[in-house]
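Each chain is listed here by its residues.
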Amino acid sequence: MRPAARLALVLFPLVSVLACGGRFDGDIPDAGGDSSSSSGSSSGGSSGGSSGGSGSSSGGQGCPPAGTVASGGACSPDGLTCPTDSVVTDCHGNTSTVECVCQSGTWFCDGPGPGQCPKPVCPPTQDVVPGVGCNLPDTLTCGSQSPYYDCYGNVAGYLSCTCAADRWSCPQPPVLCMDAGNCPPPGSFQAGEGCDVYNMTCPGNPSLCNGQTDYDAFQCENGIWVDVAQTVCDVDGGAGG
């Protein structure tokens, strides 16, 4: 073959490529195919891995919002303990947040409440003494063995007490008297002490006799208490027959 013909055969393909703008529509070499496949695999793997990781994280092992935790609701995993948005008051007035435990896929919630507190009970009346220490709500009223008297020195009743500031408080109820003046409490005055209402007679000098309280009769004379009738206890009065 002539040299000129050989040169034409070499240049023809080059001219054809330049005429097409440098684009080559032939098959992509194997190395390129492997790269594309590898890129697709990498993209898919990365996307899938990221998506899988996100799904695993969103499932979570922590507590859900407190407002969604309620007794009887579904939960996971078992043994998980989470707070609720409920607050309760215990028997001593302290507040705390109710917590729930996940058991067998269900929330079980337990917390102290007013309904679980024992009702306060009054102690025996002999233990309710004015001024003595106590530990009960001040809304509870208890009976005592501390008497109060009418205007004639007779026991009109027994004081009712409340536990105020950790001490029994037993206010004296008002006693309505028909006398010109109110008698002082028996035992609070003695013969020879001053008085205000002329000729008023009041009981005094209380003493225990055969299981009951007896009184002397005091009269207000010239501004002084005078013991006009003394009581004598007959210890043998109830014996024999």
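Our subject is the structure listed above.
Residues numbered from 1 in each chain as written. Predicted model: local features only at pLDDT ≥ 70, side-chain atom pairs only at ≥ 80, totals over all residues. Heavy atoms only, no water.

Student: Would you take a moment to explain the nonpolar core for this structure?
Tutor: Soluble globular proteins tend to pack their nonpolar side chains together in the buried interior. Of all hydrophobic cores here, the largest spans 10 residues; its members are Val128, Cys134, Leu140, Cys142, Tyr148, Leu159, Cys161, Cys163, Trp168 and Cys170. For this core, the elements supplying multiple residues, two or more each, are strand 4 (141–149) and strand 5 (155–164). It is strand 5 that provides the largest number of residues to this core, a total of 3 residues. Look past the residues within four positions of Cys161 in its chain and what remains in contact with it is Val128, Leu140, Thr141, Cys142, Ser144, Trp168, Ser169 and Cys170. Formed by 8 residues, the second largest nonpolar core is a distinct cluster that contains Cys183, Cys195, Met200 and Phe218. (Core = buried A, V, L, I, M, F, W, Y, C linked by side-chain atoms within 4.5 Å. Buried < 20%, exposed > 50% of the residue type's maximum accessible area, 1.4 Å probe, protein only. Helix = DSSP H or I, 4+ residues; strand = E, 2+ residues; numbered from the N terminus. Contact = heavy atoms within 4.5 Å.)

Student: Explain unusual backbone geometry to me, please; I cannot follow it from the model alone.
Tutor: A cis amide bond, omega -5°, links Ser76 with the succeeding residue Pro77. By the element assignment, Pro77 lies in the loop between helix 2 (30–59) and strand 1 (81–89). Phi is positive for Ser104, which is not a glycine, with a value near 55°. You can see Ser104 is positioned in the loop between strand 2 (95–103) and strand 3 (106–110). One non-glycine residue, Ala165, lies in the positive phi region at around 55°. Here Ala165 lies in the loop between strand 5 and strand 6 (167–169). A residue is classified by how much of its surface remains accessible, and Ala165, at 74% relative accessible area, is exposed.

Student: Help me understand the sheet that holds strand 4 in this model?
Tutor: Taken in spatial order, the 3 strands of this open sheet run 4-5-6, and their pairing is antiparallel. Only two strands of the sheet have a single partner each, and these edge strands are strand 4 and strand 6. Direction aside, the axes of adjacent strands within the sheet are offset by 40° on average. In the sheet, strand 5 pairs with strand 6 via 3 bridges, with the strands oriented antiparallel. When the bridges of strand 6 are listed, Ala164 appears paired with Arg167. (Pairing = 2+ DSSP bridges. Axes fitted to C-alpha atoms, helices over the stretch in contact; angles between N-to-C directions.)

Student: Hey, could you run me through the side chain of Ser146 in this one?
Tutor: For Ser146, the position within the fold is in strand 4. The class of Ser146 is buried, set by a relative accessible area of 19%. With near-sequence residues (within four places) excluded, Ser146 lies in contact with Pro130, Gly157, Tyr158 and Leu159.

Student: Even after reading the chapter, I still don't get the packing of aromatic side chains, so can you show me in this structure?
Tutor: Each aromatic ring pair is summarised here by two numbers: the centre-to-centre distance and the angle between the ring planes. Considering all chains together, one arrives at 3 aromatic pairs under this definition. Centre to centre, the rings of Tyr149 and Tyr215 are 6.1 Å apart; their planes meet at 85°, and the pair counts as edge-to-face. In this pair, Tyr149 is assigned in strand 4 and Tyr215 in strand 8 (residues 212–221), connecting sequence segments 66 residues apart. Consider the rings of Phe189 and Trp225, whose centres lie 4.7 Å apart with planes at 35°: the pair is tilted. In this pair, Phe189 is assigned in the loop between strand 6 and strand 7 (201–209) and Trp225 in strand 9 (residues 224–229), connecting sequence segments 36 residues apart. Trp225 matches Phe189 in its accessibility class, with the two residues each being buried. Ring-pair connections join several aromatic residues into one group, and the members of that group are Phe189, Phe218 and Trp225. (Phe/Tyr/Trp six-rings, centres within 6.5 Å; stacked < 30°, edge-to-face > 60°.)

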